[in-house]
Amino acid sequence: MPKWKLTTEFTFDSAHYIKDYDGPCGRMHGHTYKVHIEATSSQLHSSEYCPHSVMVADFKTLRWAKQDVTKGGLDHCILNEVLPPEYETTAEMIAKYIYDQTKKQVPVGVQLKVRVSETPNSWVEYED
Ligand SMILES: [Zn+2]
């Protein structure tokens with residue numbers, strides 16, 4: 001079966017704190033979050049912006065979180081105020097949040113993997 005894997009990477013800058021964390025992560029601070037998304041599909045699709053079945057998913061759709069918070073993204077916000085309360089603001093749960101929100105917007109059958117890093121040398125990956 002043919003398979004396409006689309007990869008995109010972007011960053012956003014935001015503040016957060018880990019609730020009840022006994023240490024510096026419990027105080028509000030900021031990160032340049034780096035997000036790496038892989039979208040895999042065995043068929044191509046049209047998108048909101050293109051009527052022809054020529055893409056796994058639209059890059060514009062995959063990169064929604066890069067937008068300013070006032071435009072629906074996660075840039076320049078306090079993540080604790082933007083993420084629903086069931087998501088703590090650990091990299092693990094930010095990855096799940098981005099996965100869940102992206103999954104709703106991509107065509108059925110597109111597999112996603114979302115990687116989030118807060119620092120250059122550690123990251124977490126989430127897929128379902
Ligand atoms: Zn942090």
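What you see is a predicted model; the values in this text were computed from it and never measured. (Residues numbered from 1 in each chain as written. Predicted model: local features only at pLDDT ≥ 70, side-chain atom pairs only at ≥ 80, totals over all residues. Heavy atoms only, no water.)

So what's going on with the coordination of the zinc ion? Which residues, and what values?
Summarising the metal site, the zinc ion is bound by the protein donors His16 (NE2), His29 (NE2) and His31 (NE2), whose distances to it range over 2.0 Å. In the primary sequence, the donor residues of the zinc ion line up as H-x12-H-x1-H. Of this pair, His16 sits in strand 1 (residues 4-16) while His29 is found in strand 2 (residues 29-41), placing the two residues 13 residues apart along the sequence. A residue is classified by how much of its surface remains accessible, and His16, at 2% relative accessible area, is buried. (Donors = N, O, S within 2.8 Å, 3.2 Å for Na, K, Ca; no water. Helix = DSSP H or I, 4+ residues; strand = E, 2+ residues; numbered from the N terminus. Buried < 20%, exposed > 50% of the residue type's maximum accessible area, 1.4 Å probe, protein only.)

How would you explain unusual backbone geometry if you had to name every residue and give the values?
Backbone geometry at Asp20 places phi at a positive 65 degrees, although glycine is not the residue there. Residue class for Asp20 comes out exposed when judged on its relative accessible area of 75%. The backbone of His76 shows a phi angle near 55 degrees, a positive value even though the residue is not glycine.

An account of the packing of aromatic side chains is needed here, citing residue identities and associated values.
Tallied over the entire structure, the rule returns four aromatic pairs. Residues Tyr87 and Tyr97 carry aromatic rings whose centres are separated by 5.0 Å and whose planes lie at 75 degrees to one another, so their mutual orientation is edge-to-face. Here Tyr87 is found in the loop between helix 2 (79-82) and helix 3 (91-103), whereas its partner Tyr97 is found in helix 3, with 10 residues between them in sequence. A ring pair is formed by Tyr99 and Tyr126, whose centres lie 5.0 Å apart and whose planes are at 85 degrees; its orientation type is edge-to-face. (Phe/Tyr/Trp six-rings, centres within 6.5 Å; stacked < 30°, edge-to-face > 60°.)

Hey, could you go over the side chain of His36 for me, with residue numbers and the actual values?
Note on placement: His36 falls in strand 2. At a separation of 3.0 Å, a polar atom in the side chain of His36 contacts the side chain of Glu9. If we ignore the near neighbours within four places in the chain, the residues touching His36 are Thr7, Thr8, Glu9, Lys113, Val114 and Arg115. (Polar contact = N/O pair within 3.5 Å; in protein donor to acceptor, adjacent residues only side chain to side chain. Contact = heavy atoms within 4.5 Å.)

Go over the environment of Phe59 with me, naming the residues and quoting the values.
Along the chain, Phe59 turns up in helix 1 (residues 59-62). Here the alpha-carbon distance between Phe59 and Thr8, two residues 51 residues apart in the chain, equals 7.3 Å. When neighbours within four sequence positions are excluded, Phe59 is seen to be in contact with Leu6, Thr7 and Thr8.

Give a description of the pattern of salt bridges that names residues and reports values.
Counted by the stated rule, this structure contains five salt bridges. In this structure, Lys113 and Glu125 form a salt bridge, with 3.9 Å as the shortest nitrogen-oxygen distance. Separated by 12 residues along the polypeptide, Lys113 in strand 3 (residues 111-119) and Glu125 in strand 4 (residues 122-126) bring together distant segments of the chain. What makes Lys113 partly exposed here is its relative accessible area of 24%. A residue is classified by how much of its surface remains accessible, and Glu125, at 39% relative accessible area, is partly exposed. A network of salt bridges, in which partner residues are shared, links Lys113, Arg115 and Glu125. (Salt bridge = Lys/Arg side-chain N within 4 Å of Asp/Glu carboxyl O.)

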